[in-house]
Amino acid sequence: STQSTWGEIVKQPPPLTIHLPQYTVPWVGPEQDLGQMFSVDFLPAQDPVWLDPVFQDIVALPAKPELLEAPKIEGDGITQLGTLVHSDFKWACDTAEKGQSVTVSTNNMMATTNCNDCYAQSSVFGDVAMESGVWYWKAKLLNLVGSKQVCFGVARKPFDHNNPKPYKMMWGWSSNGCALPSYETRNAEAKMHSGEEVWIKFDAERGRIEAYWPATGMSGNIDIGTKAQGKQMFPVFVLGRRGNTVEIEPVQHWTIDE
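Each value, and the rule that gives it
- Residues numbered from 1 in each chain as written.
- Predicted model: local features only at pLDDT ≥ 70, side-chain atom pairs only at ≥ 80, totals over all residues.
- Heavy atoms only, no water.
- Helix = DSSP H or I, 4+ residues; strand = E, 2+ residues; numbered from the N terminus.
- Buried < 20%, exposed > 50% of the residue type's maximum accessible area, 1.4 Å probe, protein only.
- Contact = heavy atoms within 4.5 Å.
- Areas by Shrake-Rupley, 256 points an atom, 1.4 Å probe, with all protein chains shown as cover.
- Phe/Tyr/Trp six-rings, centres within 6.5 Å; stacked < 30°, edge-to-face > 60°.
- Lys NZ or Arg CZ within 6 Å of the ring centre and 35° of its normal.
- Lys, Arg positive; Asp, Glu negative; His and termini not counted.
- Salt bridge = Lys/Arg side-chain N within 4 Å of Asp/Glu carboxyl O.
- Pairing = 2+ DSSP bridges.
- pLDDT = per-residue confidence, 0-100.
- Disulfide = S-S within 2.5 Å.

**Details of the overall build of the protein chain**
Across its full length, the protein chain carries one helix and 20 strands. Evaluated residue by residue, the protein chain yields a buried proportion of 40% over its 258 residues. Long-range pairs, those at least 24 residues apart, make up 63% of the contacts in the protein chain with a sequence separation of at least 6. Accessible surface computed for the protein chain: about 14,700 Å², of which carbon and sulfur atoms make up 51%.

As C-alpha cells, then:
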C-alpha cells in the first residue's frame, strides 16, 4: 500500500545525499499518516537532504535537538590577595538607623550633622550587615570643625544613639588618630584633616578591621575576634560636631601601592 511504501522510504532512505549551503530548504512530510495534511518546516541549509523518489521533493532530515546546559552559578569574587569578597559590595547610609541630628543626602552616600558639639544623636549606620566575606570602603571626611572628632568603623545592633560616648560601642578609629573603643592610643600619622580619605577593610571571617590613610601612608588594624566573627556587623560613623560631614564609597577592593 501507499502508506507502507512511505514507511519503508522513511526507514530506509535512498543513499543519494546533497548539500545546499546557500539555500534554506523545506522539510516536507506527513505528520502521522497520508490521510492528514502535510507539514512544512524550514531547517538550516547545512543539514543533509535527500531526494524523495515518490514525491520528487527535497526532504531534509530533522536535526537532533541540542541539550541546553544549566547556567553556572557564579560565586563570590576573589581579590588580588586571594581573600573572599562579597559579590554585592555596594551599600549606603541607612536613613532608618541614624541619630536625630544627622542628615543624609538624596543618594544616601553622604551624611552630615547639625548637633551642637556632642556625640549623642550624631551617628549613622550603613545599610548592610557584614556577616561574612571581606568588605572594603573608602570614606572622605569633609568640613571637620571644632574639637569633636569623626569616628569610623564597625558596630553591632542594637545601638544607643543617646549614648554621649557612642565610640565606646564600636571598633575603629577617630579622626584625631585614636583607636576605638579604647580612645587612648593616639597616632599622629592617623590624624585627619578636611578633604582627606581613609580606606577601610573589614574581614568578617577573622573578626578584623583594617584602615589605611593615603595622606600619610599609615595603616593599622584591630582584632575584634569572636565579638565580630559570625555576627552581623555594620559600617558606622559618628560625626560629632555641627557641620562634620562624611562621604562614603563602597568598593569591591582596594590595594596599597608598594
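Next comes the rest of the description.
**Quick look at the side chain of asparagine 176**
In this structure, asparagine 176 sits in strand β14 (residues 176-180). Using a relative accessible area of 6% as the deciding quantity, one classes asparagine 176 as buried. With sequence-adjacent residues up to four places away left out, asparagine 176 is seen in contact with Gln149, Tyr183, Arg186, Asn187 and Lys191.

**Describing the packing of aromatic side chains**
In this structure the tally under the stated criterion is 11 aromatic pairs. Ring centres 6.0 Å apart and planes at 55 degrees place the aromatic pair phenylalanine 125 and phenylalanine 234 in the tilted group. With phenylalanine 125 in strand β10 (residues 123-126) and phenylalanine 234 in strand β19 (residues 234-238), the pair connects residues that are 109 residues apart, well separated along the chain. Exposure class is identical for phenylalanine 125 and phenylalanine 234. Each is buried. Grouped by ring-pair contacts, the aromatic residues Tyr136, Trp199, Tyr212 and Trp254 constitute a single cluster. Between the NZ or CZ atom of lysine 157 and the centre of the ring of phenylalanine 234, over which it lies, the distance is 4.2 Å.

**Section: the side chain of lysine 138**
Structurally, the position occupied by lysine 138 is in strand β11 (residues 134-142). Despite being buried, lysine 138 has no salt bridge partner; glutamate 197 is the closest side chain of opposite charge, sitting 5.1 Å away. Setting aside anything within four residues of it in sequence, one finds lysine 138 in contact with Glu197, Val198, Trp199, Glu247, Ile248, Glu249 and Trp254.

**Examining the pattern of salt bridges**
Enumeration according to the criterion identifies four salt bridges in this entry. In this structure, the salt-bridge partner of glutamate 97 is lysine 157, at a minimum N-O distance of 3.8 Å. Note that glutamate 97 is positioned in strand β7 (residues 93-98) and lysine 157 in the loop between β12 (151-155) and β13 (170-174), a separation of 60 residues in sequence. According to the relative accessible area criterion, glutamate 97 is buried, its value standing at 16%. Aspartate 223 is the partner of arginine 208 in a salt bridge, and the nearest nitrogen-oxygen pair spans 2.9 Å. Taken as a pair, arginine 208 in strand β17 (residues 208-213) and aspartate 223 in strand β18 (residues 218-223) lie far apart in primary sequence, 15 residues in all. Arginine 208 gets classed as buried once you look at its relative accessible area, which sits at 15%.

**Quick word on the environment of glutamate 197**
Within the fold, glutamate 197 resides in strand β16 (residues 197-203). The exposure class of glutamate 197 is partly exposed, given its relative accessible area of 26%. Residues glutamate 197 and leucine 142, 55 residues apart in the sequence, show an inter-C-alpha distance of 9.2 Å.

**Focus on the pairing of β13**
Counting buried positions along β13 gives five out of five residues, so the element sits mostly inside the fold. Pairing geometry for β12 and β13, over five bridges, is antiparallel. Its bridge partner being in β13, phenylalanine 152 is matched across the sheet by tryptophan 173. Where β13 lies against β14, two bridges are found, and the strand directions are antiparallel. By the bridge assignment for β14, tryptophan 173 is matched with alanine 179. As consecutive antiparallel partners, β13 and β14 are separated by one residue.

**A word on the confidence of the model for the protein chain**
The predicted model of the protein chain has a mean per-residue pLDDT of 77, with 65% of residues at 70 or higher. When the criterion is pLDDT under 50, residues 17-32 qualifies, and its contacts beyond four places in sequence or with other chains add up to 43 contacts.

**Structural notes on the state of the cysteines**
In a disulfide, the sulfur atoms of two cysteines are held together by a covalent bond. One pass over the full model with this rule turns up zero disulfides. Distance from the sulfur of cysteine 115, which forms no disulfide, to the nearest cysteine sulfur (cysteine 118) is 4.3 Å.

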